[in-house]
Amino acid sequence: MELFKKIFCHSVKKYVTALCIACGLTVVYLILNGHNHIKFYCDGFFIAGSATFLIGCLSCVTFYGAFDGFSYGFKNFRKTRSGDDTFYDYVANKQIERKKSRLPYTPYMVVGILFLIVSFILLSIYH
(Lines give C-alpha, C1' and ligand atoms only; values in the text may rest on other atoms or scores of the structure.)
Protein backbone atom coordinates (compact mmCIF):
# COMPACT_ATOMS: atom_id res chain seq x y z
CA MET A 1 0.00 0.00 0.00
CA GLU A 2 2.91 2.34 0.70
CA LEU A 3 4.26 1.81 -2.82
CA PHE A 4 0.81 2.64 -4.28
CA LYS A 5 0.74 5.89 -2.30
CA LYS A 6 4.28 6.76 -3.37
CA ILE A 7 3.47 6.19 -7.04
CA PHE A 8 -0.08 7.45 -7.49
CA CYS A 9 -0.99 9.74 -4.58
CA HIS A 10 0.19 13.18 -5.65
CA SER A 11 -1.33 16.60 -5.41
CA VAL A 12 -4.27 17.33 -7.65
CA LYS A 13 -2.31 20.21 -9.20
CA LYS A 14 0.15 17.83 -10.86
CA TYR A 15 -2.61 15.74 -12.40
CA VAL A 16 -4.49 18.86 -13.53
CA THR A 17 -1.29 20.25 -15.07
CA ALA A 18 -0.66 17.03 -16.98
CA LEU A 19 -4.29 16.89 -18.07
CA CYS A 20 -4.20 20.51 -19.25
CA ILE A 21 -1.06 19.85 -21.29
CA ALA A 22 -2.60 16.79 -22.92
CA CYS A 23 -5.96 18.44 -23.57
CA GLY A 24 -4.26 21.54 -24.92
CA LEU A 25 -2.21 19.51 -27.37
CA THR A 26 -5.30 17.60 -28.47
CA VAL A 27 -7.28 20.80 -29.02
CA VAL A 28 -4.42 22.42 -30.96
CA TYR A 29 -4.15 19.36 -33.20
CA LEU A 30 -7.90 19.32 -33.81
CA ILE A 31 -7.96 23.03 -34.60
CA LEU A 32 -5.10 22.71 -37.08
CA ASN A 33 -6.30 19.54 -38.82
CA GLY A 34 -10.06 19.57 -38.47
CA HIS A 35 -12.46 17.85 -36.16
CA ASN A 36 -15.03 16.32 -38.47
CA HIS A 37 -13.67 12.77 -38.59
CA ILE A 38 -12.87 10.22 -35.88
CA LYS A 39 -9.41 9.69 -37.38
CA PHE A 40 -8.40 13.22 -36.36
CA TYR A 41 -9.50 12.58 -32.77
CA CYS A 42 -7.50 9.37 -32.73
CA ASP A 43 -4.40 11.18 -33.98
CA GLY A 44 -4.89 14.09 -31.58
CA PHE A 45 -5.21 11.84 -28.54
CA PHE A 46 -2.21 9.78 -29.67
CA ILE A 47 0.04 12.81 -30.14
CA ALA A 48 -1.03 14.36 -26.84
CA GLY A 49 -0.66 11.08 -24.96
CA SER A 50 2.76 10.40 -26.44
CA ALA A 51 4.01 13.91 -25.71
CA THR A 52 2.72 13.84 -22.14
CA PHE A 53 4.18 10.38 -21.54
CA LEU A 54 7.55 11.51 -22.93
CA ILE A 55 7.48 14.57 -20.67
CA GLY A 56 7.02 12.13 -17.79
CA CYS A 57 9.95 10.04 -19.04
CA LEU A 58 12.18 13.12 -19.22
CA SER A 59 11.09 14.07 -15.72
CA CYS A 60 11.90 10.53 -14.56
CA VAL A 61 15.41 10.71 -16.00
CA THR A 62 15.89 14.10 -14.36
CA PHE A 63 14.57 12.83 -11.03
CA TYR A 64 17.04 9.96 -10.92
CA GLY A 65 20.01 12.26 -11.46
CA ALA A 66 20.93 12.24 -15.11
CA PHE A 67 21.41 16.00 -15.10
CA ASP A 68 22.97 16.41 -11.64
CA GLY A 69 26.25 17.43 -13.21
CA PHE A 70 24.60 20.29 -15.08
CA SER A 71 22.68 21.50 -12.03
CA TYR A 72 25.82 21.36 -9.90
CA GLY A 73 27.73 23.30 -12.53
CA PHE A 74 25.07 26.00 -12.85
CA LYS A 75 24.72 26.22 -9.08
CA ASN A 76 28.41 26.84 -8.65
CA PHE A 77 28.91 28.88 -11.83
CA ARG A 78 29.15 32.25 -10.14
CA LYS A 79 30.35 31.09 -6.74
CA THR A 80 33.94 30.59 -5.89
CA ARG A 81 34.44 26.98 -4.96
CA SER A 82 35.58 26.72 -1.38
CA GLY A 83 35.90 22.94 -1.47
CA ASP A 84 33.28 22.23 1.19
CA ASP A 85 30.55 21.32 -1.30
CA THR A 86 32.07 18.86 -3.75
CA PHE A 87 30.23 17.18 -6.57
CA TYR A 88 30.22 13.92 -4.62
CA ASP A 89 28.60 15.61 -1.62
CA TYR A 90 26.06 17.29 -3.88
CA VAL A 91 25.06 13.99 -5.51
CA ALA A 92 24.88 12.23 -2.12
CA ASN A 93 22.57 14.95 -0.76
CA LYS A 94 20.36 14.72 -3.85
CA GLN A 95 20.07 10.94 -3.40
CA ILE A 96 18.97 11.39 0.20
CA GLU A 97 16.36 13.92 -0.92
CA ARG A 98 15.10 11.53 -3.62
CA LYS A 99 14.55 8.71 -1.14
CA LYS A 100 12.30 10.95 0.96
CA SER A 101 10.21 12.33 -1.90
CA ARG A 102 7.44 10.79 -3.91
CA LEU A 103 7.83 10.08 -7.59
CA PRO A 104 6.95 13.42 -9.25
CA TYR A 105 6.87 12.10 -12.80
CA THR A 106 4.03 9.58 -12.46
CA PRO A 107 1.11 12.00 -13.03
CA TYR A 108 2.46 12.78 -16.51
CA MET A 109 2.92 9.11 -17.30
CA VAL A 110 -0.54 8.16 -16.00
CA VAL A 111 -2.29 10.88 -18.00
CA GLY A 112 -0.22 10.05 -21.08
CA ILE A 113 -1.13 6.36 -20.83
CA LEU A 114 -4.82 7.24 -20.41
CA PHE A 115 -4.73 9.37 -23.54
CA LEU A 116 -2.95 6.59 -25.43
CA ILE A 117 -5.64 4.13 -24.31
CA VAL A 118 -8.35 6.50 -25.55
CA SER A 119 -6.47 6.79 -28.83
CA PHE A 120 -6.32 3.01 -29.27
CA ILE A 121 -10.03 2.70 -28.43
CA LEU A 122 -10.83 5.33 -31.07
CA LEU A 123 -8.55 3.52 -33.52
CA SER A 124 -10.42 0.26 -32.97
CA ILE A 125 -13.72 2.08 -33.54
CA TYR A 126 -12.32 3.68 -36.70
CA HIS A 127 -11.28 0.32 -38.17
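Note that the structure is a prediction, hence the values are computed from the model and not measured.

Conventions and cut-offs
- Residues numbered from 1 in each chain as written.
- Predicted model: local features only at pLDDT ≥ 70, side-chain atom pairs only at ≥ 80, totals over all residues.
- Heavy atoms only, no water.
- Helix = DSSP H or I, 4+ residues; strand = E, 2+ residues; numbered from the N terminus.
- Expected span 1.5 Å × (residues − 1).
- Buried < 20%, exposed > 50% of the residue type's maximum accessible area, 1.4 Å probe, protein only.
- Contact = heavy atoms within 4.5 Å.
- Axes fitted to C-alpha atoms, helices over the stretch in contact; angles between N-to-C directions.
- Parallel < 35°, antiparallel > 145°, perpendicular 65-115°, else oblique.
- Left-handed = near helix turned anticlockwise from the far one by under 90°.
- Nonpolar A, V, L, I, M, F, W, Y, C, P; charged D, E, K, R; others polar.
- Core = buried A, V, L, I, M, F, W, Y, C linked by side-chain atoms within 4.5 Å.

Novice: Before we go on, may I ask you to explain helix α6 (residues 106-126) in this structure?
Specialist: Turn by turn, an α-helix covers 3.6 residues, leaving residues three or four places apart pointing in a common direction. The end-to-end C-alpha separation of α6 is 30 Å, in line with the 30 Å expected for 21 residues at 1.5 Å each. Of the positions making up α6, those classed as buried are Thr106, Pro107, Tyr108, Met109, Val111, Gly112, Phe115, Leu116, Ser119 and Leu122.

Novice: How do you make sense of helix α3 (residues 38-63) when you look at a structure like this?
Specialist: For α3, spanning 26 residues, the distance from its first C-alpha to its last is 37 Å, which sits close to the expected 38 Å at 1.5 Å a residue. Listed as buried for α3 are Cys42, Gly44, Ala48, Gly49, Thr52, Gly56, Cys60 and Phe63. Looking at the packing, one finds that the buried side of α3 touches α2 (12-33), α5 (87-100) and α6.

Novice: Looking at this structure, how should I read the packing of α3 against α6?
Specialist: Helix-helix packing is described using two parameters, namely the angle between the two axes and the distance between the axes. Across the interface, α3 lies against α6 with an axial gap of 7 Å and an inter-helix angle of 155°. When the interaxial angle is binned, α3 and α6 end up roughly antiparallel. Crossing geometry of α3 relative to α6 is assigned as left-handed. Tallied by class, the residues present in the contact of α3 with α6 amount to 22 nonpolar, six polar and one charged.

Novice: How do you make sense of the nonpolar core when you look at a structure like this?
Specialist: Across soluble globular proteins, nonpolar side chains show a tendency to be buried alongside one another. Membership of the largest hydrophobic core is limited to six residues, which are Ala18, Ala22, Ala48, Tyr108, Val111 and Phe115. When residues of this core are traced back to their parent elements, those giving at least two are α2 and α6. Examining the composition of this core, we find that three residues originate from one element, α6, more than from any other. In this structure Phe115 touches Leu19, Ala22, Cys23, Thr26, Phe45, Ala48 and Gly49, once residues within four positions along its chain are discounted. Among the nonpolar cores identified, the runner-up in size contains five residues, and Cys60, Phe63, Leu103 and Met109 belong to it.

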